[in-house]
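Observations on the model geometry
Given next are the chains, with one letter for each unit.
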Amino acid sequence: HLSGKFLSERTLLESMFWRLGFAHTSPVEQLLETGDYTLQQLLEEDDIIQECKQLNKKLIDFLSLPEQVEALITYVVTEPDQDSEDKVKFIYPYKSSEVLSADLGAVYDTMFANEELLSKLFAFLEVEAPLNTLLAGYFGKIVSTLLARRPEDT
């Protein structure tokens, strides 16, 4: 009897916790709830990578749109102008590479269904030397993840 009583009290407390709003809602989830957001706004959120790893459906649905996958690839393979903001030089490429190497099936499906996206990714190798070492590292991580996760497609 004692364990049953404990479980019902625990369930009641957990229910109250969620109902009273003590649970943390991620900034990404809050942004997604607005319905009015950009890829850049999402990339600026600290928890975007965690939300990807937790397979946030609304986030992944957005990130797997062809135009979003193309933008993510662009941040990884295009060297930003010297006078660009730090977020354009460092944050967007880093987080884009993390999203593209997060093993998100829908994002990979979009990439492999569109040869232009793969061409854009691998065009990085055709850039005149020297390659940007930071972007080259991100590129390498993405390609190694693609090879490991989708060997039949690569």
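Now for a quick tour of the structure. The residue count restarts for each chain, going from 1 along the sequence in the order it is written. Owing to the predicted nature of the model, reporting of local features is limited to residues with pLDDT of at least 70; listing and counting of side-chain atom pairs is limited to 80 or more, with chain, interface and lining totals taken over all residues. Heavy atoms from the whole structure form the basis of all side-chain values; hydrogens and water molecules are not counted.

Attention now moves to the packing of helix 6 (residues 66-77) against helix 10 (residues 133-149). The convention used is that axes are lines fitted to C-alpha atoms, helices contributing only their stretch in contact, and that angles between N-to-C directions extend from 0 to 180 degrees. The secondary structure listing takes helices from DSSP runs of H or I that are at least 4 residues long and strands from runs of E that are at least 2 residues long, numbered from the N terminus. At their nearest, the axes of helix 6 and helix 10 sit 8 Å apart, and the two run at 135° to each other. Judged on the interaxial angle alone, helix 10 and helix 6 are oblique. Mapping the contact onto sequence places Y75, V76 and V77 in helix 6 and L135, Y138, F139 and I142 in helix 10. Asp, Glu, Lys and Arg are counted as charged, while Ala, Val, Leu, Ile, Met, Phe, Trp, Tyr, Cys and Pro are counted as nonpolar; the rest, among them Gly, fall into the polar class. When its residues are assigned to classes, the contact of helix 6 with helix 10 shows seven nonpolar, no polar and no charged. Oblique is the label for any angle not covered by the other classes, which are roughly parallel (under 35 degrees), roughly antiparallel (over 145) and roughly perpendicular (65 to 115). Whether two residues touch is decided by their heavy atoms; if any such pair falls within 4.5 Å, the residues are in contact.

Relative to the elements of secondary structure, S144 occurs in helix 10. Taking the C-alpha atoms as reference points, S144 and S101, separated by 43 residues in sequence, lie 8.5 Å from one another.

The next subject is helix 2 (residues 27-34). Here's how the labels work: a residue is buried when its accessible area is under 20% of the maximum for its type, exposed when over 50%, partly exposed in between, all with a 1.4 Å probe on protein chains only. When we look at burial in helix 2, the residues that qualify are V28, L31 and L32. In an axial view of helix 2, the angular spread of the buried residues amounts to 100°, which keeps them on one side of the axis. Within helix 2, the exposed residues directed more than 90 degrees away from the buried face are E33 and T34. Close packing links the buried residues of helix 2 with helix 3 (39-43), helix 4 (48-53) and helix 5 (57-63). Following helix 2 by one or two positions, G35 adopts a phi angle in the positive range, close to 75°. Picture the helix axis, draw a direction to every C-beta atom, and the arc is the one those directions span.

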